[in-house]
Amino acid sequence: MNHQKYTEPDFVFVIDPALVYTSDVTVNGKDTTKYIITTHLSTEELVKAQPKLEGKEVYTVDCITIANETIGRPIPNTPMLGAFMKISGMYEMDFFLNNMKRILGKLPQKIIDANMIAIQRAYDEVK
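What counts, and at which threshold
Position labels on residues start from 1 in each chain and follow its written sequence. Given that the model is predicted, a residue must reach a pLDDT of at least 70 before its local features are reported, and side-chain atom pairs must reach 80 or more before they are shown or counted; all residues, however, enter totals for whole chains, interfaces and linings. Side-chain descriptors were evaluated using all non-hydrogen atoms of the structure, hydrogens and water having been removed beforehand. The helix and strand labels rest on DSSP assignments: H or I over at least four residues marks a helix, E over at least two residues marks a strand, and numbering proceeds from the N terminus. Every radius of gyration here is taken over C-alpha atoms, with the globule rule written as 2.2 Å times N^0.38, N being the number of residues. A pairing counts as a salt bridge when a side-chain nitrogen of Lys or Arg comes within 4 Å of a carboxyl oxygen of Asp or Glu. Only protein chains enter the area calculation, which uses a 1.4 Å probe; residues under 20% of their type maximum are buried, those over 50% are exposed, and those in between are partly exposed. For two strands to be treated as a pair, DSSP must find no fewer than two bridges joining them. By convention, orient the strands away from the viewer: a clockwise path from the first strand over the helix to the second makes the crossover right-handed. Think of each axis as a best-fit line through the C-alpha atoms, taken over the contacting stretch in the case of a helix, with angles from 0 to 180 degrees between the N-to-C directions. The arc in question is the one spanned by the directions pointing from the helix axis to the C-beta atoms. Contacts are assigned to residue pairs with any non-hydrogen atoms lying within 4.5 Å of each other.

Turning to the overall build of the protein, a few remarks are in order. Looking only at helices and strands, one finds six helices and three strands in the protein. Taken from N to C terminus, the helices and strands of the protein fall in the order β-α-β-α-β-α-α-α-α. The C-alpha atoms of the protein give 15 Å as radius of gyration, which agrees with the globular expectation for 127 residues (14 Å, within 12%). With the C-alpha coordinates aligned to their principal axes, the bounding extent of the protein is approximately 45 × 25 × 25 Å.

Printed below as a string of C-alpha cells:
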C-alpha cells in the first residue's frame, strides 16, 4: 500500500499490527513523529522485534483486545482514539468523551457505553 502523499506526519496510527512487519511504517516520518501501534506486545518487545522502530517515539496498546472485551467485536478504531487523546493531549478526556457521546447519540445506549469504556481503557492502557 502506498501512502507516500502523507509525509512528515505528527502521528502515525498502526491499527493492523501486521503492518509493522510487512511495511516500513516509519518511512515518511520525521524525528518527532509519534507512533501509536495496536499490539499485544510491550513497546520494548515490539521495538526489539522491529528494529526500524528503534529510536522512534513508539506507544503501544492492545486495541483489538480492548475492542473485543468492550464492544464485542475486533474493531480497534474506537480504542485507538483513546490512545490518541492520551498521547496527543489534544483534548481533555471528559470533553472528548462528551463529544463522542453526542456523535454516537443515535446508537443504542449499550453501544455508546461500550465505546466509551473502550476509549477510556485505551487511554488508560497506552504505554
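If you walk through the whole model with that rule in mind, you get three salt bridges. The shortest N-O distance in the salt bridge between Arg121 and Glu125 comes to 2.8 Å. Linking Arg121 with Glu125, this pair stays in helix α6 (residues 109–125), spanning four residues, or about one helical turn. With relative accessibility at 23%, the residue Arg121 sits in the partly exposed group. For Glu125, a relative accessible area of 29% translates into the label partly exposed. Because the salt bridges share partners, they merge into one network encompassing Glu69, Arg121 and Glu125.

Next up on the list: the pairing of strand β3 (residues 57–61). Where burial is concerned, most of β3 is hidden: four out of the five residues are buried. Note that strand β2 (residues 34–38) and β3 share five bridges and pair parallel. When the sheet's bridge partners are listed, Lys34 is paired in β3 with Glu57. Assessed by its sense of winding, the connection that carries the chain from β2 through helix α2 (residues 43–49) to β3 is right-handed.

A word on the environment of Glu44. With respect to the secondary-structure elements, Glu44 resides in helix α2. Overall, Glu44 belongs to the exposed group, its relative accessible area being 61%. Taking the C-alpha atoms as reference points, Glu44 and Asn115, 71 residues apart in sequence, are found 28 Å from one another.

Bringing the sheet that holds strand β1 (residues 11–14) into the picture now. Judged by pairing direction, the sheet is parallel, and its three strands sit side by side in the order β1-β2-β3 without closing on themselves. Unpaired on one side and paired on the other, β1 and β3 mark the two borders of the sheet. Across the sheet, the axes of successive neighbouring strands diverge by a mean angle of 15°, strand direction being ignored. Bridge analysis of β1 against β2 gives four bridges, and the strand direction is parallel. Residue pairing in the sheet places Phe11 in a bridge with Lys34 of β2.

What follows deals with helix α3 (residues 63–70). Regarding α3, the residues found buried are Cys63, Ile66, Ala67 and Thr70. The arc that holds the buried residues of α3, viewed along the axis, is 95°, so those residues lie on one side. Buried residues in α3 make contact with β2, β3, α4 (77–88) and α6. Just past α3, the residue Gly72 takes up positive phi, approximately 90°.

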